[in-house]
Structures are given as structure tokens and as C-alpha cells.
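# Structural description and commentary
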Amino acid sequence: QRRVHGDSQYKRMPHSYGVRARTRSLFAKPFRRHGQDPISRMLVNYHIGDYADIIVDGSKHLGMPHKFYYGKTGRIFDISKRAVGIVINKRVRNKVLPKRLHVRIEHLQKSKCRQEFLNRIHSNDKAKVNAKKEGKKITTKRKPVEPIGGHLVELTKTKVEFINPKPYQYLYQVQTQQHFTYQTPVSYTH
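A brief report on the enclosed structure follows. (Residues numbered from 1 in each chain as written. Predicted model: local features only at pLDDT ≥ 70, side-chain atom pairs only at ≥ 80, totals over all residues. Heavy atoms only, no water.)

Turning next to the overall build of the chain. Along the chain, the regular secondary structure elements total one helix and nine strands. Ordering the α and β elements of the chain from the N terminus gives β-β-β-β-β-β-β-α-β-β. Within the chain, counting contacts between residues at least 6 apart in sequence, those at least 24 apart form 47% of the total. As displayed, the chain offers around 17,400 Å² of accessible surface, 54% of which is attributable to carbon and sulfur atoms. (Helix = DSSP H or I, 4+ residues; strand = E, 2+ residues; numbered from the N terminus. Contact = heavy atoms within 4.5 Å. Areas by Shrake-Rupley, 256 points an atom, 1.4 Å probe, with all protein chains shown as cover.)

See below:
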């Protein structure tokens, strides 16, 4: 805000609605990660059907997607010389639209969203092979966590402990000849 030629009116800066508005920390590089990117980021092989995350590199201005798509995960549908076509679902009011973007590979990284699923497939296959060798039938379906089983508590082996609220206790002063001492009343037993 600044005053203009003795006028009592204040001029304010106009509000910005640009393409990169409010991306100061979003497109900023992390602490001690400034400078040129390692070459390993450019040597990643992408295939059609792979999942990839859009993580924008603020220092590379070419092929940069809009700030809305930062952190979104999509599936690759096209591969060109320097860019990759990726489909991302965008919710617009009450419908989900598949948006097709062409993003340079500097702004992409391979997604780990299916890694746990693929690991589960491999472990299930190994378990099936081992079960077939042993002649057993196994189920590889995931089960939810079941409740803890019931049991009996024998009073002869345990001690009963009551968890009741303590009655109100207060501190009062007893004046002696030399100094004040604090005493608490005797607590009730259950």
C-alpha cells in the first residue's frame, strides 16, 4: 500500500491470476537440491501403460504442466522424442474427465503406486508353487484384521482391581508454632 500525491486513497497491488500464481513454494527446489539435475533422471525408460507421477522441476520451463497437475498420478499413452503423453483424471464439478497432457520427462518420475500390488503377486506365485509341491491348498486372498478372540478370566489366579475415580481431595494449612505445613486428608479405600 502507498499513498498517492497526498490523496487519502490507497492504491493496492492488483490480484494475480497467472499461470504460475501461488507456486512460490510449490515449484521451488528443496533445500540443498539446487543446480543441475543428475543425468539419471533423463535416462529413465518409460513404456506405454506405465504409471508416472508429475513432479514439476521449477528450473526447467519447457514442457512444464499446469500447477493443478503437480503430484498427480497418470498412465502413459504416448512417447515422443523429449516428452511423454500422460492421461490424468480431473474432477470437474460432478464428473471426472480424462485429461491428456504431453509433459517433458524432467517433470516426471516413475510411480510406486503399484509396487505393493506387484510384490503381492510375486509372493502369491511363490506360495502357490510351494503349496503345489507339498500337495496343499492355500488361499492367497487378503483377510481383514479379525477381532481378538474371547477368553475366560479365572479369579483364583488374578487379583481384582477396581478402577474408580478418586474422591475429591483438597489441601489445607495447619499452623504450627514454627512454620506452615500442608496435610492431605486420608484417602478412601475400595
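With that settled, the discussion passes to the pattern of salt bridges. Taken as a whole, this structure holds eight salt bridges when the rule is applied. In this structure, Lys29 and Asp37 form a salt bridge, with 3.2 Å as the shortest nitrogen-oxygen distance. Of the two residues examined, Lys29 and Asp37, each falls in the buried class. The closest approach of N and O atoms between Asp37 and Lys60, which form a salt bridge, is 3.7 Å. Of this pair, Asp37 sits in the loop between strand S2 (10-11) and strand S3 (51-54) while Lys60 sits in the loop between S3 and strand S4 (73-79), placing them 23 residues apart in sequence. Sharing partners across several salt bridges, the network here consists of Lys29, Asp37, Arg41, Asp57 and Lys60. (Salt bridge = Lys/Arg side-chain N within 4 Å of Asp/Glu carboxyl O. Buried < 20%, exposed > 50% of the residue type's maximum accessible area, 1.4 Å probe, protein only.)

Turning to the packing of aromatic side chains, a few remarks are in order. For the coordinates displayed, the defined rule picks out two aromatic pairs. Relative to Tyr70, the ring of Phe27 lies with its centre 6.4 Å away and its plane at 45°, an arrangement referred to as tilted. You can see Phe27 sitting in the loop between S2 and S3 and its partner Tyr70 sitting in the loop between S3 and S4, a full 43 residues away along the chain. A relative accessible area of 26% means that Tyr70 is categorised as partly exposed. Taking the centre distance of 5.1 Å and the plane angle of 90° together, the rings of Phe68 and Tyr69 count as edge-to-face. Taking relative accessible area as the criterion, Phe68 reaches 32% and is therefore assigned partly exposed. For Tyr69, a relative accessible area of 7% corresponds to the buried category. Positioned over the ring face of Phe68 is Lys72, at 4.7 Å from the centre of the ring. Its guanidinium or amino end placed over the ring of Phe68, Lys90 lies 4.5 Å from that ring's centre, counting from NZ or CZ. (Phe/Tyr/Trp six-rings, centres within 6.5 Å; stacked < 30°, edge-to-face > 60°. Lys NZ or Arg CZ within 6 Å of the ring centre and 35° of its normal.)

Here we take up the pairing of strand S6 (residues 95-104). As judged from the 10 bridges shared by strand S5 (residues 83-92) and S6, these two strands associate in the antiparallel manner. Its bridge partner lying in S6, Ile88 is registered against Lys99. Here S5 hands over to S6 after two residues, with Arg93 in that stretch at a positive phi of 55°. (Pairing = 2+ DSSP bridges.)

Judged by pairing direction, the sheet is antiparallel, and its five strands sit side by side in the order S6-S5-S4-S3-S7 without closing on themselves. Whereas interior strands pair on both sides, the edge strands pair on one side only; in this sheet they are S6 and strand S7 (108-110). Ignoring strand direction, the axes of neighbouring strands in this sheet form an average angle of 45°. (Axes fitted to C-alpha atoms, helices over the stretch in contact; angles between N-to-C directions.)

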